[in-house]
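The primary structure of each chain is shown beneath.
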Amino acid sequence: MVRRWHGLDEVPADWGRSVITIGVFDGVHRGHQRIVGRAAEQARERGLKSVVITFDPHPDEVVRPGTHPPLLSSTKRRIELLEGLGTDAVVVVPFTLELSKVGPDEFVQSVLVDRLHAAHVIVGEDFRFGHKAKGDVALLKELGEKYDFTAEGAPLVANGDKISSTGIRALLESGAVEEACHALGRPHRVEGIVVRGHQRGRQLGFPTANLETLPHTAIPADGVYAGWLVCDSDRYPRFRWPAAISIGTNPTFEGAGERTVEAYALDRDDLDLYGEHMAVDFEARIRDTLKFDSIEALIEEMHRDVDRAREITSPGQA
């Protein structure tokens, strides 16, 4: 069972030497997966435990409020993904203004050495740490010699492809969810609480779950997508329905303007999802958001969207 610690104070006093990897790991993309998997493998070879250190909130939000990038995953989702990569423990370190002012040497000593007893540390080759990001991989190796651990910087690549969270955000911004899926190793997910909207979808015969998304979420470009509506609640435990997903301002209707994320679970008009925490997984883009001359034309196009979403999510296709 993977141990989960919120803060370094929860690390047991008798925790032994560890192979550690550190990063924000937003999205836990295939490059991140490779590094975390390498740390877990090296820990097993050495007879040690592996630990992933991640941070919440995003450091940019603390150091430069309002400048952090759109997030590819919620903290809860990120932890779940990290825990599925073979590591022994995940520690979520609260990133505070005080922590941002800690120098590289003090960070290494207080976090890696005193708390987690580092034997080996693996980070991305562009990893920076300490006050004003003064620390890099070369300094980490020097401090390793001082504090009796080894360190390495690894490229964020998978099958020869260099992968970055920044690149994935750019793909999503352009609506290229299939390419983002390839870089992530799974469909991009957007989470939120289902709230009441204008209920236009129900009136048109396609009742949708309207998500109030989490703050700072990386939402794909406006358009219609095929994917999945995901729920894990007491009412619908571990349900995953194929869905047609719409992002945009519903320009066909007067008074449109508020951007929404809505998902229609294919062929389901019996779901009561209000108040549920849900997620949508984006499999493929179907079309751009369009303004139609009539409601009838919109309904015809929605039928085509649903047919296409059904083809994409059918067994053997997704």
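Residues numbered from 1 in each chain as written. Predicted model: local features only at pLDDT ≥ 70, side-chain atom pairs only at ≥ 80, totals over all residues. Heavy atoms only, no water.

Looking at an unreviewed UniProt entry, one finds the protein named Riboflavin biosynthesis protein, with Actinomadura rudentiformis as its source organism. One UniProt comment on the protein, placed under Sequence similarities (unreviewed entry), says "Belongs to the ribF family." (UniProt positions renumbered as here; feature names shortened; annotations may be inferred.)

## Details of the sheet that holds strand E13 (residues 260–265)
What the six strands build is a closed barrel, ordered E9-E10-E13-E12-E11-E14; its pairing is antiparallel. Across this sheet, the average inter-strand angle for adjacent strands is 45°, counted without regard to direction. Of the strands in this sheet, strand E11 (223–231), strand E12 (239–248), E13 and strand E14 (277–287) are in contact with helix H10 (residues 295–313), which crosses E14 at around 100°. (Pairing = 2+ DSSP bridges. Helix = DSSP H or I, 4+ residues; strand = E, 2+ residues; numbered from the N terminus. Axes fitted to C-alpha atoms, helices over the stretch in contact; angles between N-to-C directions. Contact = heavy atoms within 4.5 Å.)

## Looking at the sheet that holds strand E2 (residues 18–22)
Here six strands make up an open sheet; going across it, the order is E1-E4-E3-E2-E5-E6 and the pairing parallel. Looking along the sheet, the strands with just one partner apiece sit at the ends: strand E1 (3–6) and strand E6 (150–154). Ignoring strand direction, the axes of neighbouring strands in this sheet form an average angle of 20°. Across four bridges, the pairing between E1 and strand E4 (residues 89–94) is parallel. Its bridge partner being in E4, Trp5 is matched across the sheet by Val91. Relative to the sheet, helix H3 (residues 75–83) contacts E1, strand E3 (49–56) and E4, its axis offset from that of E3 by approximately 165°. Against the sheet, helix H6 (residues 137–147) engages strand E5 (118–124) and E6, with an angle of about 165° to E6.

## Overview of the pairing of E11
Regular strands place side chains that alternate from one sheet face to the opposite one. Taken across its nine residues, E11 has nine buried, putting it largely inside the fold. Where E11 and E14 come together, eight bridges link them in antiparallel fashion. Bridge assignment links Val230 to a residue of E14, and that residue is Ala279. (Buried < 20%, exposed > 50% of the residue type's maximum accessible area, 1.4 Å probe, protein only.)

## Some points on the side chain of Thr87
Considering the arrangement of structural elements, one finds Thr87 in the loop between H3 and E4. Classification of Thr87 as buried rests on a relative accessible area of 5%. Of the polar contacts made by the side chain of Thr87, one reaches the backbone oxygen of Ser50; its length is 3.2 Å. In terms of polar contacts, Thr87 uses its side chain to reach the backbone carbonyl oxygen of Ala89, at 3.3 Å. (Polar contact = N/O pair within 3.5 Å; in protein donor to acceptor, adjacent residues only side chain to side chain.)

## What about the side chain of Asp26?
Assignment of secondary structure puts Asp26 in the loop between E2 and helix H1 (30–46). At 3.0 Å, the side chain of Asp26 forms a polar contact with the backbone nitrogen of Leu72. A distance of 3.2 Å separates a polar side-chain atom of Asp26 from the backbone nitrogen of Ser73. Each residue touching Asp26, except ones within four places of it in the same chain, is listed here: His32, Pro70, Leu71, Leu72, Ser73, Arg78, Ser165 and Arg169.

## Some details on helix H5 (residues 104–113)
Among the residues of H5, Pro104, Phe107, Val108, Val111, Leu112 and Val113 are the ones counted as buried. Along the axis of H5, the buried residues cluster in a sector spanning 155°; they form a single face. Against E2, E3, helix H4 (97–100), E5 and H6 lie the buried residues of H5. (Arc of directions from axis to C-beta.)

## As for the domain arrangement of the protein
Per the domain assignment, the segments making up the protein are domain 1 (3–161) and domain 2 (187–313). On a C-alpha basis, the centroid separation for the pair domain 1 and domain 2 is 36 Å. Tallying the contact residues gives seven residues for domain 1 and seven residues for domain 2. Contact between domain 1 and domain 2 buries roughly 610 Å² in total, counting both sides, with carbon and sulfur atoms accounting for 51%. Where domain 1 packs against domain 2, one counts zero salt bridges. Here the side of domain 1 that touches domain 2 is built from residues that sort into four nonpolar, two polar and one charged. (Domains from an automatic or database assignment. Buried area = accessible area lost by both parts, 1.4 Å probe. Salt bridge = Lys/Arg side-chain N within 4 Å of Asp/Glu carboxyl O. Nonpolar A, V, L, I, M, F, W, Y, C, P; charged D, E, K, R; others polar.)

## Re the nonpolar core
One finds Ile22, Ile53, Val108, Leu112, Leu116, Val121 and Phe149 to be the most contacted residues of the largest nonpolar core, which totals 33 residues. Residue assignment for this core shows that the elements contributing at least two residues are E2, E3, E4, H5, E5 and H6. With five residues, H5 is the largest single contributor of residues to this core. Dropping the residues within four chain positions of it, Ile22 is found in contact with Ile53, Phe55, Phe107, Leu112, Val121, Ile122, Val123 and Phe127. (Core = buried A, V, L, I, M, F, W, Y, C linked by side-chain atoms within 4.5 Å.)

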